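Structural overview for review
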Amino acid sequence: MRYLKQEEKKRCRKLWEEAFPEDSRAFDDYYFAEKIKDNRILAEEEDGEIISMVQLNPYRVRVRDRVYALSYIVGVATRADRRHRGHMRRLLLAMLADMRRERVPFTFLMPAAEAIYLPFDFRFIYDQPHLRWRNDALRAESAGTDASAIRELALWQQRELTGRFEVCTVRDEDYVRNQMEELASEKGEWTLFRGREGCLLGVEGIWGIEKREQRFLYACPGLTEEEKPATPAIMARIACLEEFLQFISLREDAPVERLEVLLAVKDGLIPENDGTFLWTLDREGSAAEAVGARQEKGPAEPAGGGQLASHGTRAARRPEYETEIGVLTQWLFGYKMPEQLPEWGRWIRPLQGVFLDEVV
């Protein structure tokens, strides 16, 4: 098992085409010309042939006020005659261990099937909306591909999307160029929608060689409506718990200025995330400090109560909340509240808004 060198990455195409026959030849050409330029591929080999792989495509993702280089997991595949032998598990565990060492807060993917990734503690955090225009009075025009058009699209997406969501890929000019190349691989088309004064109010992308479908529709609030209910689309997995928790804070209306709790987290795949953490929150953010392995239940103390003299004293207390890493992920991404959450849990402000609609 190893990360492939740049000149070796194209050797994965045979396995990619076997595992993803629904992709067009044009899309595969695009992927292996462009996306592998800066990605990482962790692979296992036999007799000089790639038999299993996980590809990590880099995206700049804004999480509240910070930008991270995060990995979007794609191309998880094992050769048909080598499946059910633990290849995928070994690759994913090695990948997660590397991310933990790199202090990556989380990683994300679009699953072919939810059941594949549940055992690895990935959970849904983003539902893909299915939208249509409410206003047919907007002026539609094809998008240009020159530098000024790319700049306008980047500035507009940055303002309209990252301005409304605390977790979103950074929509700069490089991102827009990649969007255009991705759409072009499937004969895609961009349409811009402008108001009476000519200001940009929305963008729609359509693609597909055999079947045309909407790739995205971005618009200012109030201009679209649901065509059908949103569907679960993106799963995420916390890689470094302490790095992730710093973005979680107390709500503005919380009845306390500062909260200190012992949080016990069960993570069967990343040992450093498995244990008891002293979690200290205020209205600006939070910090977590590991204080020991997960404890058996003992005498309980109220959340935030008393001064704790030492790590030993803290570790001896019964945790105020015990949870699994997947449950914590959905809660703190603002996707799903846990059942039986303590009262103080409602004082905590999860991340507000996730928008991750990447495909590859």
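Structure: above.
Residues numbered from 1 in each chain as written. Predicted model: local features only at pLDDT ≥ 70, side-chain atom pairs only at ≥ 80, totals over all residues. Heavy atoms only, no water.

**Section: the overall build of the protein**
When helices and strands are tallied, the protein shows nine helices and 19 strands. Its C-alpha atoms give the protein a radius of gyration of 23 Å, near enough to 21 Å, the size a compact globule of 360 residues would have. Dimensions of the protein, computed from C-alpha atoms along their principal axes, come out at roughly 65 × 60 × 35 Å. In the protein, which comprises 360 residues, the share counted as buried stands at 52%. Nonlocal contacts in the protein, meaning residues at least 24 apart in sequence, comprise 67% of its contacts between residues at least 6 apart. Surface summary for the protein: the accessible area is close to 17,400 Å², and the carbon and sulfur share equals 47%. On the protein, the mean spot of the 53 positive side-chain charges and the mean spot of the 63 negative ones are 1 Å from each other. (Helix = DSSP H or I, 4+ residues; strand = E, 2+ residues; numbered from the N terminus. Rg over C-alpha atoms; globule rule 2.2 N^0.38 Å. Buried < 20%, exposed > 50% of the residue type's maximum accessible area, 1.4 Å probe, protein only. Contact = heavy atoms within 4.5 Å. Areas by Shrake-Rupley, 256 points an atom, 1.4 Å probe, with all protein chains shown as cover. Lys, Arg positive; Asp, Glu negative; His and termini not counted. Charge placed at Lys NZ, Arg CZ, Asp CG, Glu CD.)

**A look at the sheet that holds strand 15 (residues 275–281)**
With mixed pairing, four strands are arranged side by side in an open sheet as 16-15-14-17. Sheet topology places strand 16 (286–292) and strand 17 (321–324) at the edges, where each strand pairs with a single neighbour. Adjacent strand axes in the sheet meet at a mean angle of 30°, parallel and antiparallel pairs treated alike. Across six bridges, the pairing between strand 15 and strand 16 is antiparallel. Paired with Phe277 across the bridge in strand 16 is Ala290. Contacting strand 14 (259–266), strand 15 and strand 17, helix 9 (residues 325–332) crosses the sheet at an angle of about 100° to strand 17. (Pairing = 2+ DSSP bridges. Axes fitted to C-alpha atoms, helices over the stretch in contact; angles between N-to-C directions.)

**Side note on unusual backbone geometry**
Despite not being glycine, Asp121 shows a phi value in the positive range, around 65°. Its place among the elements puts Asp121 in the loop between helix 4 (114–117) and strand 6 (123–133). The phi dihedral of Gln340 is positive, around 55°, even though this residue is not glycine. Secondary-structure assignment places Gln340 in the loop between helix 9 and strand 18 (348–349).

**Description of the pairing of strand 17**
Only one face of strand 17 is buried: it carries Tyr321 and Thr323, and the other face, with Glu322 and Glu324, is open. The pairing of strand 14 with strand 17 spans four bridges and is classified as parallel. Its bridge partner being in strand 17, Ala264 is matched across the sheet by Glu322.

**Quick notes on the side chain of Gln157**
Following the sequence through the fold, Gln157 ends up in helix 5 (residues 147–162). In this structure Gln157 touches Thr162, Arg171, Tyr175, Val176, Gln179, Trp190 and Tyr218, once residues within four positions along its chain are discounted.

**As for the pattern of salt bridges**
Tallied over the full model, the rule gives 42 salt bridges. Ionic pairing is found between Arg82 and Glu46, a salt bridge with its closest N-O pair at 2.8 Å. With Arg82 in the loop between strand 4 (66–78) and helix 3 (87–101) and Glu46 in strand 2 (residues 40–46), the pair connects residues that are 36 residues apart, well separated along the chain. Given the relative accessible area of 17%, Arg82 is considered buried. With relative accessibility at 28%, the residue Glu46 sits in the partly exposed group. Each of Lys14, Glu46, Glu49, Arg79, Asp81 and Arg82 takes part in a single network of salt bridges with overlapping partners. (Salt bridge = Lys/Arg side-chain N within 4 Å of Asp/Glu carboxyl O.)

**Remarks on the environment of Asp274**
Tracing the backbone shows Asp274 in the loop between strand 14 and strand 15. Each C-alpha atom, one on Asp274 and one on Glu324, is 9.0 Å from the other, the two residues being 50 residues apart in sequence. Engagement of the side chain of Asp274 in a polar contact is seen with the backbone nitrogen of Asp267, the distance being 2.8 Å. (Polar contact = N/O pair within 3.5 Å; in protein donor to acceptor, adjacent residues only side chain to side chain.)

**Description of the packing of helix 5 against helix 6 (residues 173–184)**
When two helices pack together, their arrangement is given by the angle between their axes and by how far apart the axes lie. Look at helix 5 against helix 6: their axes get within 8 Å of each other, and the N-to-C directions meet at 110°. Classified by the angle their axes make, helix 5 and helix 6 are roughly perpendicular. Relative to helix 6, the crossing made by helix 5 is right-handed. Residues Ile150, Arg151, Leu153, Ala154 and Gln157 of helix 5 form the contact with helix 6, whose participating residues are Glu173, Tyr175, Val176, Arg177, Gln179 and Met180. A per-class count over the contact of helix 5 with helix 6 returns six nonpolar, two polar and three charged. (Parallel < 35°, antiparallel > 145°, perpendicular 65-115°, else oblique. Left-handed = near helix turned anticlockwise from the far one by under 90°. Nonpolar A, V, L, I, M, F, W, Y, C, P; charged D, E, K, R; others polar.)

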